[in-house]
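A look at the structure
Now for the letters of each chain:
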Amino acid sequence: MSGPPEAGYAELGALSNFSFLEGASHAAQLVEQAKSLGLAALGVADRNTLAGVVRAHKAAKDAGLRLLIGCRLEFTDGSELIVFPRDRAAYGRLCRLLSQGKSEVLAASNVIAFPGAKPPTPSRHAGEGQHPVSPQSPISEIVVKLGAGLRQHDGESIVSSPSETEPRITKGETRLTFAQAALLGDGLVALVPAPDRLDAAFRARLAEWAAAWPDALHLAAAPRWRGDDRARLARLARLAEAAGAPLVAYNAVRYHHPDQRRLQDVLTCVRHGVTIDTAGHALDANAERYLKPPEEMARLFAGHPQALARTLDIAAACTFLLDELRYDYPEEPVPEGWTPGRHLIRLSFAGARAKWPGRIPTKIVPTIVKELRMIRKLAYAPYFLTVHDIVAWARGQTEPILCQGRGSAANSVVCYCLGITAIDPMQQDVLMERFISEERREPPDIDVDFEHERRELVMQYIYRRYGRDRAGIVATVIHYRPRSAIRDVGKALGLSEDVTARLAGTTWGSFAREIDDGHLDDTGISRDDPRLALAIELARQLLDFPRHLSQHVGGFVLTKSPLIETVPVGNGAMADRTFIEWDKDDIDVLGMMKIDVLALGMLTALKRGFDMLRDHYGVRVGLDDLKPTKKRVYDMLTRADSLGVFQVESRAQMAMLPRLRPREFYDLVVEVAIVRPGPIQGKMVHPYLRNRLLRRQAEAAGRPFRIDFPAPDPAHGPPDELRNILGKTLGVPLFQEQAMRIAMDAAQFSGAEANQLRRAMATFRHVGTIGLLERRMVDRMIARGYDAEFAENCFGQIKGFGEYGFPESHAASFAHLVYASSWLKCDWPDVFAAALLNSQPMGFYAPAQIVRDAREHGIEVRPVDVGTSDWDCTLERRGGRRRRALRLGLRMITGFRSVWADAIAAAREVAPFASLDDLRRRAALPGAALDRLAEADALGSLSLSRRQGQWEALGAAGGAPKAAAAPLFDYAGLDESDGAPPPALPRLSASAEVVGDYRSLRLSLKGHPLAFLRDRLAAAGAIPASRLGQVRDGRRVIVGGVVLVRQRPGTAKGVVFLTLEDETGVANAVIWPSIFDKQRAVAMGARMLLIHGRIQRGSADDGGVTHLVAERLDDWTPALGDLDCRNVDEVRAAPSRGRHPRDVRILPASRDFH
Amino acid sequence: MHRRTLGRTYGPPPEGPFALVERGPHGIVLVSLDAAARAAGLRSGQRHADARAMVPGLATAAADRAADLAALGRLAHWCLRWSPGVAVDACGTGLDGVFVEVAGSAHLFGGEAGLLADMRARCGAAGIAVRLGLADTPGAAWGAARFGNAAVTLVPEGGIRAAAAAWPLAALRLDPLTLARAARLGFRTVADLDGMPRGGLARRFRDGDGLGLVRRLDQLFGVEGEALDTVAPAARHAARAVFGEPVIDMAGVAAHLPGLLDRLAADLAAGGLGAGALALTGFRIDGGTTGLDVRLGKASRDTRVWARLLETRGLDRLDLGFGIDALLLAAPHVEPLAATQLDHGAAAAAGEPLNDLIDRLAARLGGEAIRVARPRARWLPERAEHWLTAQGAPPPAALLPGLTSEPATAPRPLLLLDPPEPVEATAMVPDGAPVQFRWRRIMRRVARAEGPERLAPEWWRETGRRVPRRTRDYYRVEADDGARYWLFREGLYGWEDAGRPPTWWLHGLFA
């Protein structure tokens, strides 16, 4: 250790900012400061968590500082204990203890099963005799009692299992008692922080603990600066001696430097929900809780040199490092007597034989062998086996759960043979070695998508299969972002809510990284206000502080030895979910493997579609059976007829399809990947499309087509070094791995450099090293004779990938789903529409557009009706015709419940409904349900119009006594009613009927609202959207419509894309920033717009996409409100007050993406 | 009527779109907008974030409902000039109306039309934009004001049915739920409901929050009466004086007062009553009121007593603004006149509790003048107590409960010097206690010392001349003269403001 022994000091028990809202420095800041101050070691112990230890560990390793990893246990009675494990076993017990405090499920987990753990038992205590447990001590009694329980239940539970009545431990909560902690036994060093009040209760507690934990327990004293430190230290020394718990010096560090005090005060305010002006004594009186140099600590503990020396003893005793964690993958799915490797070989070839009945193609066998060899070498066989096991389970259900794998390792023949992916290696090159490299020694990565509605079943299977003590979901650390930071800081500093909202509102999107000064000036808030300046400054400091832990979307970590002895596991916010405290970067550092079990809505839709195909048409088909070869499917996509299709349904994708003209499966892979920030920022789209066009032209003319690959100077390398990388994509890099390969081949990055680049790419948002790499790559490529622009574009693409990169293997897996959904849409549009509607919400479009699209494809769509509709949308026979009609389901009705639908269906089985009252009685529907049905105009089969239905339903809903008071009438099925004849209700106009449909169903089969405004639109000079296609390029036109989608993509430099819809079709409008800024309010707020603009049509090569470039926007939103009136002259001219928003909200809000 | 609450923190609202905002269940929403904001397409109830996306320059301030209500209350008081029966309208969501019961007072202003004209003119002069409605029932007047065709709508007697037929259902003061429900059935105007079976309507529109639709209908047509919650108990005994020209000084008030006193006294005398309290209200031409109340220990109708009490109470403190054009003297509380009157000081002799004393002092000196000290959880000693207006000050124990259970600070001296006095001291660097110090030119040797207690400055407060910016180390010392002192050194050696050496101060003396 550094420094002379008398000045040596190790700060133990510092809090990092993973003690949420308490610690005010990053672990790395603490580590660096400790190093520069010359501390012998640093002990980081956050409150009831080990969530920050990996970061601290990494920082300490980088800085070359001894780090003690520990935890500040906070017991349910409020007492505290800082513990540092001395070795791996003790660390494991600490993790287990925390896990048990964080989840009652784990508290009951089998402790005996762990071979390494030696939980202290009474016999051990008694036998070894080195624990002088006094029989009167309540602690020892608990130990004995628990031990007895242990024997009784034979390993069921060692700690008091939570009683039934106790509420579930909530996410982030930890319930622990010292009695539990006492079982940690040897191997730990424990420090009792001296509380403010050294009363009898504390003295008694200290004595008890010391007795329960001899040799290991210390009393930790920190100066308080309350004027009595000298006396207090002397008193603590006496106390320590009396209790047999030696005194240890520390400074209860909460931040690395006194300047952090302000931030710490703010965090305290946020924790208590008070403002800084009223926080009073909740704040610290001074800024002393920072890391102090050894000399200063020696001065403060003058007279107690042994208290300082002990810190070094403890640091020396605790040799445990996180590096000692050995990750062992479970070997679960391997049958008795087999090794994982052999089992995998057997499964792979069995799978191959099933895929290629008859004979496995000669091309395939060597690939399988090569892959298996590599898998064996890297010992990844168990990983593939677990993925296989999960997938096989999902497929093996009575109702098989659709799933599909993707990710680097999934791009392999083995995965195809194991049924993890559906990418046929005969059709598609698979290059696993690209992604699993020996030198990188990186965990393989396989993501598996499941049907989104049934993914939870799979997750619960994994918990069951491996046990909650061996399987956990990875955490996601939620960090402070500009919005949340300014909101919390502003509140703590007492800024009024509108000011903080205004500040927070200055950043578009919650992931904006900077609180931009320019933005601040827009808000009209005076920057001279000192409080405001403070708030901004502190919010900047707070950025990137961890705020709380959340669950990763689906990443599982599995272990062979108990996971809960590697990392604490706790309850998630959702019932039945437990997750570990480390996020994916942390487990990366430790080389742990994760399997992503993800949810995908399209798989749900496809599953429903396949089921319907089977039930209605007798067609049996599965995801794997679809060979992506049908020409008419590609033709459909080329027409951009892709509404509802997976991935390629967005506006940008629809615009790309006619330009790309997909003809084969690989084109779909490209299509999925090309409309992404990477290729767009790398300016790769146009070169690729140009080359495709050239190829088409060459093929048409019968000429051979050649690409001139960018090439290095002949002096530096072979001219075709990029052909291997870029051959398939016509000389243009489109995928993440191509960019990587270019870095390695064209810029001659070493393996280590490439690794660095890849990491920078993955965590692009976090680190600034990217600039360095950029210069290195671009310079080297230029030096080797490449075109400077090409080099820069290659790197631009890498930067783009940093955000949402798409490796080829992902794109290929997605492309398969693109094909599957396109095929369904192409051949079975009725099934496709029904499946899509039944899987809502998902995708890009609302039900109204899906229904409209179905009708445009010739599907008869029938309205929701209580006499025929089920909960889901169904298919109905239509005369003798082959194509079925689509019956909308009750699920389309806003606010309707599936239990009501089930009750209706069950009652309908017995007999059709005769009247509303009959329906109410037999299906036992509440008034609200009747009301919803009437609103949706779903009572047609009862001969009730919407109005009549509503009147009747309201009577039933409001007249509770009716049902109860007249059982006789009820029995006779009579309607005693109001004694009045059915009232003469005002008649509904056609437009009001449509509006009513939209209100309840968000769509109408009776017409489009805009049809009723057509006269007024025509008078204003607007043409129908359907006629846009015939307008000459460059002509000025006016189009009116409701706003369907509003997009403001980050890559489009402030351009806003609007999709308008009228009764004839949709119009795609583009608003340039100049217009947008002028008419911002209208562009962002209007639900109906009249757009004056110019037609801009792409060339035929581009697929002839028509855009309306806006020049002026008129807000027609009020016109929508007029639709609801019985007749147009009812529109009141005056009522000087603005219409209530509810009145205008007759159409579903647009979907806004920004 | 549209009011804006001025932003208290950031000055008056700027020109251009401005809105008041409030936290709703789904984030911050606009609650009230000025004309520019409405013109920009914003509306109340809109989410603030959406509004900002539409109008980036939108200025906002937090809405203050309590202040709005108070403002409306002040306006209601001003309306007492037209009638004793004035109520704040609590039906609307916007807190934007006042009911004036004019049944008995219209004749004073030249009939109903004259009254409306007077109201409109005076409100206009006071800078208040109004819509007026006058009808047989409060409900009809409410609707007429809001949905009448003109800014001033007079519904003739018995003419409600005709006038209201075209009004939308919103004129019935219905809750949004009922309104939406009725709209769904196609009922849009009051006429739509005519001819509908009452039973059927009642069954379908009797609901939780608002009054049922049928009941509102009945109130509109006067089938059912409606009681208004008037702002001032309608004093049945009052005298008023209306001036042709505004009275702009006290002399004018003093000139009119005797007449009022006499008329009220005569009124009371007729009933054999005495006033237990008096309320004098001046109606300002700018739409405000000014006034004072006097409570009499014992009912009286001696105008000299009244005059003296009003004088003592502070007649000269009436804020006449730009002038008042009417005076109202009312006896809100009357009782039969009894024999004797107690001496004013007698109650005090009986030993009142402190609160009574505070009340009496406040009556004489004004509420703001009487203050009490209260402890406050602050580390800095001079900030650890503060002065509150005595009336309504919370009891000491009610401050900041639960933030800390620990007696937070070390002992504090009884006498605190304000401001601390500089001393010269000799002490060990960096944080030793003083060995000796010179205060008020006398050198004191320290016999015993304890410390330091380290208190950091309140960094969040604006730095000014009087706000400390450096950390203090406090020491309790006992000097050789036996006295105990509380000294502090301002500034830490080493890193804090190194350019300025630490300084020593005496902050207090222990007993």
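Residues numbered from 1 in each chain as written. Chains lettered and ligands numbered in written order. Predicted model: local features only at pLDDT ≥ 70, side-chain atom pairs only at ≥ 80, totals over all residues. Heavy atoms only, no water.

**A short note on the overall build of chain B**
Along the backbone of chain B there are 14 helices and 19 strands. Counting across all 511 residues of chain B, residues that qualify as buried make up 44%. When the accessible area of chain B is evaluated, it comes to approximately 25,400 Å², of which 55% is carbon and sulfur surface. (Helix = DSSP H or I, 4+ residues; strand = E, 2+ residues; numbered from the N terminus. Buried < 20%, exposed > 50% of the residue type's maximum accessible area, 1.4 Å probe, protein only. Areas by Shrake-Rupley, 256 points an atom, 1.4 Å probe, with all protein chains shown as cover.)

**A look at the overall build of chain A**
Scanning chain A for helices and strands turns up 49 helices and 23 strands. Per-residue burial for chain A yields a buried fraction of 59% across its 1154 residues. Taking the intrachain contacts of chain A between residues at least 6 apart in sequence as the baseline, contacts between residues at least 24 apart amount to 74%. A total accessible area of about 46,000 Å² is found for chain A, and carbon and sulfur atoms account for 52% of it. (Contact = heavy atoms within 4.5 Å.)

**Regarding helix α31 (residues 736-745) of chain A**
In terms of residue burial, α31(A) counts as a mostly covered element, since 7 of its 10 residues are buried. For α31(A), the set of buried residues is A:Q736, A:E737, A:Q738, A:A739, A:M740, A:I742 and A:A743.

**Some details on the pairing of strand β1 (residues 18-24) of chain B**
Residue and element names in this part refer to chain B. Burial runs high along β1: 5 of the 7 residues are buried. Here β1 runs beside strand β3 (residues 59-62); their pairing, made up of 4 bridges, is parallel. Its bridge partner being in β3, F18 is matched across the sheet by A59. As judged from the 6 bridges shared by β1 and strand β2 (residues 27-33), these two strands associate in the antiparallel manner. Across the sheet, R23 pairs through a bridge with I28, a residue of β2. What sits between the antiparallel neighbours β1 and β2 is a turn of 2 residues. (Pairing = 2+ DSSP bridges.)

**Description of the side chain of A:E80**
Residue and element names in this part refer to chain A. Its location among the elements puts E80 in strand β4 (residues 80-85). Only 2.3 Å separates the side chain of E80 from the side chain of R47, close enough to count as a polar contact. Here the side chain of E80 touches R72 through a polar contact of 2.9 Å, side chain to side chain. Setting aside residues no more than four positions away along its own chain, E80 makes contact with R47, R72, L73, E74, V192, P193 and W209. (Polar contact = N/O pair within 3.5 Å; in protein donor to acceptor, adjacent residues only side chain to side chain.)

**Let's talk about the sheet that holds strand β15 (residues 434-439) of chain B**
Sheets are built from strands paired through backbone hydrogen bonds, the pairs being either parallel or antiparallel. Residue and element names in this part refer to chain B. A barrel is described by the order of its strands in space; here 6 strands give the closed sequence β14-β15-β16-β17-β18-β19, paired in antiparallel fashion. In this sheet, adjacent strand axes meet at a mean angle of 45° when their direction is disregarded. With 5 bridges joining them, strand β14 (residues 415-427) and strand β19 (residues 503-509) adopt antiparallel strand pairing. Each bridged residue has a counterpart across the sheet, and for E421 the counterpart in β19 is L506. (Axes fitted to C-alpha atoms, helices over the stretch in contact; angles between N-to-C directions.)

**Digging into the pattern of salt bridges**
Counted by the stated rule, this structure contains 82 salt bridges over all chains. A salt bridge links A:D615 to A:R614, with the shortest nitrogen-to-oxygen separation between them at 3.2 Å. Overall, the relative accessible area of 29% leaves A:R614 in the partly exposed class. The shortest N-O distance in the salt bridge between A:K825 and A:D853 comes to 2.3 Å. Of the two residues, A:K825 sits in helix α35 (residues 808-827) while A:D853 sits in helix α37 (residues 847-856), which places them 28 residues apart along the sequence. The class of A:K825 is buried, set by a relative accessible area of 3%. Salt bridges here are not isolated pairs; linked through shared partners, they connect A:E288, A:K292, A:E296, A:R299, B:D431, B:R454, B:D473 and B:R489. (Salt bridge = Lys/Arg side-chain N within 4 Å of Asp/Glu carboxyl O.)

**Quick look at the sheet that holds β3(B)**
All names here are of chain B. On the basis of which strands lie adjacent, the open sheet formed by 3 strands has the order β2-β1-β3 and mixed pairing. Only two strands of the sheet have a single neighbouring strand rather than two, namely β2 and β3. When strand polarity is set aside, the average angle formed by the axes of neighbouring strands in this sheet is 40°.

**Focus on the packing of aromatic side chains**
Residues and elements named next belong to chain A. Using the criterion set out here, one finds 26 aromatic pairs over all chains in the structure. Where Y91 meets F320, the ring centres are 4.6 Å apart and the plane angle is 25°; that geometry is what we call stacked. Of the two residues, Y91 is situated in helix α3 (residues 88-102) and F320 in the loop between α12 (305-317) and α13 (340-355); the sequence distance between them amounts to 229 residues. Accessibility assignment for this pair places Y91 and F320 in one class, buried. (Phe/Tyr/Trp six-rings, centres within 6.5 Å; stacked < 30°, edge-to-face > 60°.)

**Topic: the packing of helix α26 (residues 651-660) of chain A against helix α29 (residues 685-701) of chain A**
Residues and elements named next belong to chain A. Their axes nearest at 10 Å, the elements α26 and α29 cross at an angle of 30°. Judged by the inter-axis angle, α26 sits roughly parallel to α29. The residues of α29 that touch α26, namely those facing M656, R659 and L660, are V685, H686, Y688, L689, R692 and R696. Residue classes in the contact of α26 with α29 are distributed as 5 nonpolar, 1 polar and 3 charged. (Parallel < 35°, antiparallel > 145°, perpendicular 65-115°, else oblique. Nonpolar A, V, L, I, M, F, W, Y, C, P; charged D, E, K, R; others polar.)

**Topic: helix α11 (residues 250-271) of chain B**
Residues and elements named next belong to chain B. For α11, which comprises 22 residues, the first-to-last C-alpha distance of 31 Å matches the rise-based estimate of 32 Å (1.5 Å per residue) to within 8%. Of all bends in α11, the biggest is about 30°, found at L257, and the proline P258 comes one to four residues later. Along α11, the positions that sit buried rather than exposed are G252, V253, L257, L260, L261, L264, A265 and L268. The elements touched by buried residues of α11 are β8 (238-247), β9 (273-284), α12 (303-314) and β11 (324-336). Directly after α11, the chain includes G272, whose backbone phi takes a positive value near 70°. (Expected span 1.5 Å × (residues − 1). Bend = angle between axes of the 7 residues up to and from the residue.)

**Considerations on the confidence of the model for chain A**
Residues and elements named next belong to chain A. Summary statistics for chain A give a mean pLDDT of 81 and a share of 83% for residues scoring 70 or more. For the stretch residues 508-515, pLDDT sits under 50, and the model shows 23 contacts to residues farther than four places along the chain or on other chains. Taken as a whole, residues 1126-1146 scores under 50 in pLDDT and shows 32 contacts with residues more than four places along the chain or in a different chain. (pLDDT = per-residue confidence, 0-100.)

**As for the environment of B:G85**
All names here are of chain B. Relative to the helices and strands, G85 resides in strand β4 (residues 85-88). The exposure class of G85 is buried, given its relative accessible area of 11%. Sequence separation between G85 and T230 is 145 residues; the distance between their C-alpha atoms is 5.9 Å. G85 has contacts with F99, V100, E101 and T230, leaving out every residue within four places of it along the chain.

**Considerations on the packing of helix α36 (residues 829-838) of chain A against α37(A)**
Residues and elements named next belong to chain A. At a closest axis distance of 10 Å, the pairing of α36 and α37 adopts a crossing angle of 175°. Taken as axis vectors, α36 and α37 run roughly antiparallel relative to one another. Contacts between α36 and α37 pair A833, L836 and L837 from the former with P847, I850, V851 and A854 from the latter. Of the residues that constitute the contact of α36 with α37, the class distribution is 7 nonpolar, no polar and no charged.

**Topic: the environment of B:E385**
All names here are of chain B. By secondary structure assignment, the location of E385 is in strand β13 (residues 385-389). For the pair E385 and A373, spaced 12 residues apart in the sequence, the C-alpha separation amounts to 6.5 Å. What E385 contacts, discounting residues up to four positions off in sequence, is A373, R374, P375 and R376.

**As for unusual backbone geometry**
The linkage connecting B:V429 with the following residue, B:P430, adopts the cis geometry, with an omega of 0°. Tracing the sequence through the fold places B:P430 in the loop between β14 and β15. Residue B:P452 follows B:G451 across a cis peptide bond; omega there is 0°. With respect to the helices and strands, B:P452 occurs in strand β16 (residues 442-455). Of note, the phi angle at A:A252 is positive, near 45°, even though the residue is not glycine. We classify A:A252 as buried; its relative accessible area is 17%. Despite not being glycine, B:R441 has its phi angle at roughly 70°, a positive value. Inspection of the secondary structure assignment puts B:R441 in the loop between β15 and β16.

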